[in-house]
There are 2 protein chains.
Amino acid sequence: MSGRVMVVGLGPGPAKWLTPEAAELLAQATDIVGYGPYVDRVPPGPARRHASDNRVEIDRARHALALAAGGAQVAVVSGGDPGVFAMAAAIFEAVEAGEPAWRDLDIVVAPGVTAVLAAAARVGAPLGHDFCVISLSDNLKPWPVIEKRLAAAADGDFVLAFYNPASKARPGQIARAFDFLRARAGDRIVVLAKAVGRPDEEIIHTSLSAVRPADVDMRTLVLVGSSQTRLVERPGREPIVYSPRRWEG
Amino acid sequence: MSGRVMVVGLGPGPAKWLTPEAAELLAQATDIVGYGPYVDRVPPGPARRHASDNRVEIDRARHALALAAGGAQVAVVSGGDPGVFAMAAAIFEAVEAGEPAWRDLDIVVAPGVTAVLAAAARVGAPLGHDFCVISLSDNLKPWPVIEKRLAAAADGDFVLAFYNPASKARPGQIARAFDFLRARAGDRIVVLAKAVGRPDEEIIHTSLSAVRPADVDMRTLVLVGSSQTRLVERPGREPIVYSPRRWEG
């Protein structure tokens, strides 16, 4: 049997969000490659496990491609969806820059429930209208590019979702983004959705004028509403946040 | 047992993309409410089926809420993810404008694999960097709002995904969007991903300068790359389309 790379999304955490396709591909794997905490989430089985550190995506991608070139069935695992700020792009970067033979490998990408969908579902329907998804990691792009995109998203009155909003290396990044958006777009509904679907899940309903950047950590998905996004109070229950489908001028 | 509304995403089509959570909620339903073709995709079972036409989302939402207020376990089904241009926003609009008692109903939203994730996975990793998702339906918003968002997305150099790109009622909409983007951003890689995961799936790799609007129908997910998106040729295989994680200035 020829080698193959299966780029698999595990969803945001709980097994209820792991697709049947992802489960089936994991069961076919001879080798599991990924960032340690994601490898740990793969159900037990005989596959060899190759856990690596964060921030070594290209090394990990090359390792997976080399294993597959040698005949292995390699599952490369990411949380959420592998195509959204995760391993799929790294795999294809490695293919483009790597061994010519890698272009002839079977590579399949299995989509998954990405974090913004789980967070949105948890709080209502904030993505009911047009939206933008931005990674705030400036390891991979300079702040001026991030700022240009924040400006564009504000000017287009999109709902915004931030991945990688904070880390120990750049604790001030999200505060800067909130300040920029508030100056550009005025106040907006903000939801901080931490560890959605897990035991330590925490949801904070706030706004650009009231949000505390210290409440944002690397496991938080940040949603910023458009001018149209609404918060509906419910007595004795959490409020609902949603963006109407129809644009009101 | 109290009534409940379960807003469930069925994924883009095949069963391999239906999450375990969605399958479990469908199995608990006494009533299935949705647009006919989606109701038809729910696995057989004893639940009553209430299929309705497209474009009656609010009526359908009110019907579901009324059934739940009467004690039913109501699954409201959408293709893809229910929060992305689908039924979740309609449900919450109906809650906000409807009977006060509806605010006290249990409402759960089960996220799903939305079309753009399946299309992206099918062709590579075009969403590897920041992206915007826009519905081209102008039933719900005027063209100037769409144009403002296209301009913003182009100025921010986002990857773009279009839902609802065409219909019999507005065949010219997508051509207008392509023309606008080409004038604003220059040429870009375009992928037309039709019916991804289904027997009649069709993928067209093209560009803003070469795309034929007649190739776009209502079942097509349209991806437009950023300035950084790349197409990698593979001898004897389909090309790969991906957006590098790192921004190159």
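Read on for an overview of the structure. Because the structure is predicted, anything quoted here is derived from the model rather than measured. (Residues numbered from 1 in each chain as written. Chains lettered and ligands numbered in written order. Predicted model: local features only at pLDDT ≥ 70, side-chain atom pairs only at ≥ 80, totals over all residues. Heavy atoms only, no water.)

### Considering the interface of chain B and chain A
1) Next: Taken together, the contacts link 69 residues of chain B with 69 residues of chain A.
2) Next: When the two sides are added together, the surface that chain B and chain A hide from each other amounts to roughly 6,200 Å², 58% of it contributed by carbon and sulfur.
3) Next: Summed over the three residues of chain B that lose the most area to chain A, namely Leu 140, Arg 149 and Arg 245 of chain B, the buried surface amounts to 13% of that side.
4) Next: Taken together, the links from chain B to chain A amount to 16 salt bridges.
5) Next: Between Glu 21 of chain B and Lys 16 of chain A there is a salt bridge, with the nearest N and O atoms lying 3.4 Å from each other.
6) Next: Counting across the interface, chain B meets chain A through 30 residue pairs in polar contact (both at pLDDT 80 or more).
7) Next: Ranked by residues supplied to the side of chain B that touches chain A, first place goes to helix H4 (residues 87-97) of chain B with seven residues.
8) Next: Classifying every residue of the side of chain B that touches chain A by side-chain character gives 37 nonpolar, 11 polar and 21 charged.
9) Next: Sheet topology places strand S7 (residues 131-135) of chain A next to strand S7 (residues 131-135) of chain B; three bridges connect them, and they run antiparallel. (Contact = heavy atoms within 4.5 Å. Buried area = accessible area lost by both parts, 1.4 Å probe. Salt bridge = Lys/Arg side-chain N within 4 Å of Asp/Glu carboxyl O. Polar contact = N/O pair within 3.5 Å; in protein donor to acceptor, adjacent residues only side chain to side chain. Helix = DSSP H or I, 4+ residues; strand = E, 2+ residues; numbered from the N terminus. Nonpolar A, V, L, I, M, F, W, Y, C, P; charged D, E, K, R; others polar. Pairing = 2+ DSSP bridges.)

### Describing the environment of Ala 118 of chain B
1) Next: With respect to the element layout, Ala 118 of chain B can be found in helix H5 (residues 115-123).
2) Next: Between the C-alpha atoms of Ala 118 of chain B and Gly 11 of chain B, which are 107 residues apart in sequence, the distance is 8.8 Å.
3) Next: When sequence neighbours within four positions are dropped, the list of residues in contact with Ala 118 of chain B reads Pro 111 of chain A together with Pro 12, Trp 17, Val 113 and Val 196 of chain B.

### As for the sheet that holds strand S13 (residues 237-242) of chain B
One key point about sheets: their strands pair by backbone hydrogen bonds, in either a parallel or an antiparallel sense.
1) Next: Overall, mixed pairing links the three strands, which are arranged S6-S13-S12 (chain B) in an open sheet. Edge strands, defined here as strands with exactly one partner in the open sheet, are strand S6 (124-125) and strand S12 (230-234) of chain B.
2) Next: Each of S6, S12 and S13 of chain B touches helix H4 (residues 87-97) of chain A; the most contacted strand, S13 of chain B, lies at about 120 degrees to it. (Axes fitted to C-alpha atoms, helices over the stretch in contact; angles between N-to-C directions.)

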